[in-house]
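# Fold and geometry: a report
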Amino acid sequence: MEKFVISGGKRLCGEVEISGAKNAAVAIISATILAEGVCRLENIPNVRDVRILMQILDEMGAKVRNINKNTWEIDTSHIKSTVVSNEMTRHLRASYYFLGALLARFKHAKVGMPGGCNFGVRPIDQHIKGFEALGASVTTGNAMVEVKAKEIVGNSVYFDMVSVGATVNVMLAAVKAKGLTVIENAAKEPHIVDLANFLNLMGADVRGAGTDIIKIRGVDRLHGCQYSIIPDQIEAGTYMVAAAATNGDVLIKNVIPKHLDSISAKLIECGAQIEEFDDCIRVSSHGRLNRCHVKTMPHPGFPTDMQPQMAVLLSVAEGTSILSESVWDNRFRYVDQLIRMGALIQVEGKAAIIEGVPQLKGSPIRADDLRAGAAMVIAGLIAQGETTIEDIHHIDRGYEDMIEKLQALGADIKRCEFEPAETKAVSIVG
Ligand code: EPU
């Protein structure tokens, strides 16, 4: 197994290049199922979630070519199977996008229940509601979801809550439907806009992405195209917080500063300095940062995927901060790890009350999920002494070359092999 070993206390200084957005890439890769022809995708992050999706497409009969580290060509013309086994889908949440894409193309899909980070219950009722509104019938059982339709017909879909996944899935299902689909209370995240741009380049008619009403007029055919994925808002935000938390000075390159507004605003409130340029952003800080209150919300609010990283920064800020989570039911599991490092945090329902301490101390900790893992890295970077982080496979799902990027900024971090102390008996839970 592998772990990260960090010797904390170094300021991060220099430049870092942000990779393509994982959550845009996973939607767009699934959307290639709709194209008649080859899609060439550039700026695809080289992360584990992407590699798993490519493997699923390959096993379904698509021609998948890795042109270079961040460029892939995908030709889905020869896909025959409309079934994706639970064995493949349990590794990542985004596997549910195969439902919408396969339904649009074959009017049938049977896909294993999606996996991904554990934030408590992750229902898909809004996805199902959307498919049913378009004329599909949906059945679930044996850890599989099956959708089928004689015909996909455009309709109005009103979501009860803002859901990125349900918005993407209904967009995918509706682009080849008969007539007009109107999604109300749609998600507005940057990756929704990126998917719409990609679909339109393939010949779709999607309007309004980035607002809460998206209108999709179905077309008969979609063709292949060449597309470059947007920069990763959350990877950029993670380096912004790491720069500020370590009292560093980092130029974060290849970003869309507008996507980072909510993160910049909170860092400025804490006393960090932010300078924006066309496609990069500089973050620096001096001395101890101040407390601030943060509430996560769908875009353009403060992203839930930046909540654990921000908790680390606030854990050493001056004063008491309240961090409220309004997107997920249970996204504070990582707090126990920070407490082991000396943080003073109390979780009450969907809020964490963080009393800033002067210093965290290096400890053996683990990554509970992808973003919590990134937060543990930041904790290790600011802590006094050595921190080891286990379960780093979560981090590899979504951060390209994290070790190399941090080393180039002056961090003392390495990836090491280790033998687990004891092999625990495997228990099967229902
Ligand atoms: N929800 C429902 N029913 C549904 C769908 C969602 O109740 O049918 C609820 C969820 O339980 C949650 C809220 O709605 O409380 C928002 O969930 P959403 O559907 O927006 O989340 P998702 O699509 O499963 C994506 C990202 C997550 C990110 C969330 C919120 C991808 C692949 N994943 O998940 O990213 O936290 O949106 O922004 O795009 C990550 O990258 O680390 C990550 C977890």
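On a predicted model such as this, the values are computed, not experimentally measured, just so you know.

Attention now goes to the sheet that holds strand β11 (residues 180-184). Spatial strand order, β10-β11-β13-β12: four strands in an open sheet with mixed pairing. Since the sheet does not close on itself, it has two edges, and those belong to β10 (156-158) and β12 (205-207), each with one partner. Neighbouring strand axes in the sheet, compared pairwise and without regard to direction, differ in orientation by 15° on average. When β11 meets strand β13 (residues 213-217), the two strands line up antiparallel, connected through five bridges.

Tallied over the full model, the rule gives zero disulfides. Just so you know, Cys 13 is unpaired, no disulfide at all, and the nearest cysteine sulfur is the one on Cys 280, 16 Å from it. In this structure Cys 13 comes out as partly exposed when scored by relative accessible area, which is 30%.

Because an α-helix packs 3.6 residues into every turn, residues spaced three or four apart end up facing the same way. For helix α8 (residues 233-245), which comprises 13 residues, the first-to-last C-alpha distance of 18 Å matches the rise-based estimate of 18 Å (1.5 Å per residue) to within 8%. Within α8, 13 of the 13 residues are buried, leaving the element largely enclosed by the surrounding structure. Of the residues that open α8, the one with a side-chain oxygen 2.9 Å from the backbone nitrogen of Ile 234 is Asp 232. Looking one or two residues beyond α8, the residue adopting positive phi is Asn 247, at roughly 60°.

What follows covers the site of the ligand. Around the ligand there are 24 residues in total, and Gln 126, Ser 163, Val 164, Asp 305 and Val 327 lie nearest to it. One of the backbone nitrogen or oxygen atoms of Val 164 is found 2.7 Å away from an oxygen atom of the ligand. Between the ligand and the protein, one listed contact pairs an oxygen atom with a side-chain N or O atom of Asp 305 at 2.6 Å. Out of a free accessible area of 830 Å², the ligand has 91% covered by protein chains. For the ligand, the cavity whose grid points lie within 2 Å of the majority of its atoms is the largest pocket. When contributions to the shell around the ligand are tallied by element, the ones reaching two or more residues are α1 (22-31), α5 (125-133), α6 (164-174) and α12 (370-382). Sorting elements by how many residues they give to the shell around the ligand places α5 first, with three residues. Of the residues in the shell around the ligand, the class split is eleven nonpolar, six polar and seven charged. Residue assignment places the shell around the ligand across two domains, with domain 1 (2-19 + 232-422) and domain 2 (22-228) each supplying three or more.

Quick look at the nonpolar core now. Residues Ile 29, Phe 98, Met 171 and Leu 199 are the most contacted members of the largest nonpolar core, which totals 80 residues. Apart from residues no more than four positions distant in its own chain, Ile 29 is found in contact with Leu 41, Ile 44, Val 50, Leu 53, Met 54, Leu 57 and Ile 74.

Further remarks concern the sheet that holds strand β15 (residues 249-253). Overall, mixed pairing links the four strands, which are arranged β2-β15-β17-β16 in an open sheet. The open sheet has two free edges, formed respectively by β2 (13-17) and β16 (273-276), since each of these has just one partner strand. Geometrically, the sheet is characterised by an average inter-axis angle of 15° between neighbouring strands, direction not taken into account. Packed onto the sheet, helix α9 (residues 261-270) meets β16 and β17 (280-284) and runs at close to 145° relative to β16.

The rules behind these values
- Residues numbered from 1 in each chain as written.
- Predicted model: local features only at pLDDT ≥ 70, side-chain atom pairs only at ≥ 80, totals over all residues.
- Heavy atoms only, no water.
- Pairing = 2+ DSSP bridges.
- Helix = DSSP H or I, 4+ residues; strand = E, 2+ residues; numbered from the N terminus.
- Axes fitted to C-alpha atoms, helices over the stretch in contact; angles between N-to-C directions.
- Disulfide = S-S within 2.5 Å.
- Buried < 20%, exposed > 50% of the residue type's maximum accessible area, 1.4 Å probe, protein only.
- Expected span 1.5 Å × (residues − 1).
- Polar contact = N/O pair within 3.5 Å; in protein donor to acceptor, adjacent residues only side chain to side chain.
- Near = heavy atom within 4 Å.
- Areas by Shrake-Rupley, 256 points an atom, 1.4 Å probe, with all protein chains shown as cover.
- 1 Å grid on protein atoms, 1.4 Å probe; cavity = no way out; pocket = protein on both sides within 12 Å on 5 of 7 lines; lining within 4 Å.
- Sits in = over half its atoms within 2 Å of the grid points.
- Nonpolar A, V, L, I, M, F, W, Y, C, P; charged D, E, K, R; others polar.
- Domains from an automatic or database assignment.
- Core = buried A, V, L, I, M, F, W, Y, C linked by side-chain atoms within 4.5 Å.
- Contact = heavy atoms within 4.5 Å.

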